[in-house]
Structures are given as structure tokens and as C-alpha cells.
Amino acid sequence: GSGLLLASFRQLLAIDPGFKSEGVTTASIIVPGARYAGDPEVRTFMGRALSAVRTMPGVSSAGVTSIIPLGGNHNDSVILAEGYVMQPGESLISPMQVRVTPGYFETMGATLKRGRFFTDSDSEKSLKTLIIDETLARKFWPNADPIGRRMYRPNDPNDLMKIDEKTEWLTIVGVIADMHMDDITGNTSIGAYYYPFEQSPRRFVTLALKSS
């Protein structure tokens, strides 16, 4: 029994979770609505907070996310690729939906497979952008480069495949290696996609900072 336990533990240590926690400290934040009424105020607060944290002695990088890996939070939503044709009997998928600021992926040691991470240019006034993981990339583009392709979230509950003037298009700018979000021993089987925080701010977030 002890031998099996040690063998399982060794295999667990060999798993690549898609992020590196060494030197990373996290803290949850709730931005109060009484003081920061709307999205513009939330954006301003988060920008000031990150600027302050990044100048602290010993801090090499910092970022904010709506869902930290293994943090117990979960948020998923249906998303589709432009031109994707569903096969007979195929069901829609609801990958993990996450918001992150520039600097978050770098802080977590995420592996960039294609394209780029988010930057300050991914603002509320710029092109709506998206970063997806490898699982989602294989789902919709198994034999093609996803960079520059577009995705959308259904806006009609009666017709999830409907595209009209209300459809919001999201352009893929990066693909990252899968990050284990819920369970270190497994992975999200249907993938994850990431919004720039500036384009879709949230009040309950987790700050991640990497320091010496």
C-alpha cells in the first residue's frame, strides 16, 4: 500500500499543470460598487492597483484574473467558431470563461504556443480579442492556425447558432498550453478561453504576483 501511494505521488508531481506556482502569491479582491460604480471606475482602480503592486520591492510581475487555477471558482459559457459546422448529434460545448489583465499569464508562467499574450493595447476601445487554450484550438481548428480567426458567443437562446447584427466577434490573438483549472490530476476536457480584463471587467478577482 505504501509503495502504491508513493508511486501515485510521484506521478502526481510529474504532472505539468500548465502554470508555475513557485514564488507566486495570490489574493482575492472585491471591488465595492459603493465606491466604484461602473466599469470605467473598476478599470481605473485595477490599473492603479496593478501599477502600485508592480513597483513593490521584489515583485517581478503581477496580473489579475477572474478565475485562478485550483481556486474553487468556475464559470463557463458556450462559444463557437466562425464557419464551424456541427456534426449530426454533436452537442454545444461550454468551455471555462476567464478574464485576465496583461501580465497575468507571464506571472503564472503560462506557455504561449502561438500568437501573443494580452497587452495594454487590448483596451475597451480596441478590437475585441481572445486567447484560447490548446484544447479549444484542437476542437475548432485541428489542422489550422487559429490566430486571426474569429469566435462568438450566442445571443439568442432560441437559436444558439444564429448570427445577426448583434453578434459580437472576438478575434484570437494567442493560444496557450492548457492550464489545470479545477483538478491537478486531470484537465478541463472542453477547454478555456480568456478575455482581456479591460474589455470585460469584473468586481471579484484574484491578484497574482511573482516575487523574489
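Here is a short report on the structure shown in this document. For clarity, every value in this text was computed on a predicted model and none was experimentally measured.

1. Some words on the packing of aromatic side chains
Item 1. Across all of its chains, the model carries nine aromatic pairs by this definition.
Item 2. Between the aromatic rings of Phe-105 and Tyr-194, the centroid separation amounts to 5.1 Å while the plane-to-plane angle is 75 degrees, which identifies the pairing as edge-to-face. Remark: Tyr-194 occurs in strand 9 (residues 192-196) and Phe-105 occurs in helix 3 (residues 104-108); sequence separation between them is 89 residues.
Item 3. Residue Phe-105 is classed as buried on the basis of its relative accessible area, which comes to 2%.
Item 4. The exposure class assigned to Tyr-194 is buried, which follows from its relative accessible area of 1%.
Item 5. Pairing Tyr-193 with Tyr-195 gives two aromatic rings, centres 5.7 Å apart and planes at 80 degrees, and the pair type is edge-to-face.
Item 6. Given the relative accessible area of 6%, Tyr-195 is considered buried.
Item 7. A connected cluster of aromatic rings, assembled from ring pairs, spans Tyr-104, Phe-105, Phe-117, Phe-118 and Tyr-194.
Item 8. Between the NZ or CZ atom of Arg-150 and the centre of the ring of Trp-169, over which it lies, the distance is 4.1 Å.

2. Focus on the side chain of Asp-133
Item 1. Within the fold, Asp-133 resides in strand 6 (residues 129-133).
Item 2. Arg-138 is the oppositely charged side chain nearest to the buried, salt-bridge-free Asp-133, at an N-O distance of 7.0 Å.
Item 3. In this structure the side chain of Asp-133 is engaged in a polar contact, spanning 2.9 Å, whose partner is the backbone nitrogen of Ala-192.

3. Quick look at the environment of Met-56
Item 1. By the element assignment, Met-56 lies in the loop between helix 2 (39-54) and strand 2 (59-65).
Item 2. Take Met-56: its relative accessible area is 42%, and that puts it in the partly exposed class.
Item 3. Taking the C-alpha atoms as reference, Met-56 lies 37 Å from Ala-137; in sequence the two are 81 residues apart.

4. Here we look at unusual backbone geometry
A negative phi angle is the norm for most residues apart from glycine, just as the trans form is the norm for most peptide bonds.
Item 1. Unusually for a residue other than glycine, Leu-70 sits at a positive phi of about 65 degrees.
Item 2. Given a relative accessible area of 42%, Leu-70 falls into the partly exposed group.

5. Describing the nonpolar core
Item 1. Among the nonpolar cores identified, the biggest contains 21 residues, and Tyr-104, Phe-105, Met-108, Met-179 and Tyr-194 are the most heavily contacted of them.
Item 2. Counting only elements with at least two residues in this core, the list comes to strand 4 (96-100), helix 3, strand 8 (169-176) and strand 9.
Item 3. With near-sequence residues (within four places) excluded, Met-108 lies in contact with Phe-19, Lys-20, Val-24, Ile-68, Pro-69, Met-179 and Ala-208.
Item 4. Counting residues in hydrophobic clusters, the runner-up holds 15 residues, among them Leu-130, Leu-136, Ile-172 and Val-175.

6. A closer look at helix 2
Item 1. In this model helix 2 runs 22 Å from its N-terminal to its C-terminal C-alpha over 16 residues, within 8% of the 22 Å that 1.5 Å per residue would give.
Item 2. Buried within helix 2 are the following residues: Val-42, Arg-43, Met-46, Leu-50 and Val-53. Across the axial projection of helix 2, the buried residues extend over an arc of 100 degrees, all falling on one side.
Item 3. Where helix 2 is buried, its residues meet strand 2 and strand 10 (204-211).

Calculation notes
Residues numbered from 1 in each chain as written. Predicted model: local features only at pLDDT ≥ 70, side-chain atom pairs only at ≥ 80, totals over all residues. Heavy atoms only, no water. Phe/Tyr/Trp six-rings, centres within 6.5 Å; stacked < 30°, edge-to-face > 60°. Helix = DSSP H or I, 4+ residues; strand = E, 2+ residues; numbered from the N terminus. Buried < 20%, exposed > 50% of the residue type's maximum accessible area, 1.4 Å probe, protein only. Lys NZ or Arg CZ within 6 Å of the ring centre and 35° of its normal. Lys, Arg positive; Asp, Glu negative; His and termini not counted. Salt bridge = Lys/Arg side-chain N within 4 Å of Asp/Glu carboxyl O. Polar contact = N/O pair within 3.5 Å; in protein donor to acceptor, adjacent residues only side chain to side chain. Core = buried A, V, L, I, M, F, W, Y, C linked by side-chain atoms within 4.5 Å. Contact = heavy atoms within 4.5 Å. Expected span 1.5 Å × (residues − 1). Arc of directions from axis to C-beta.

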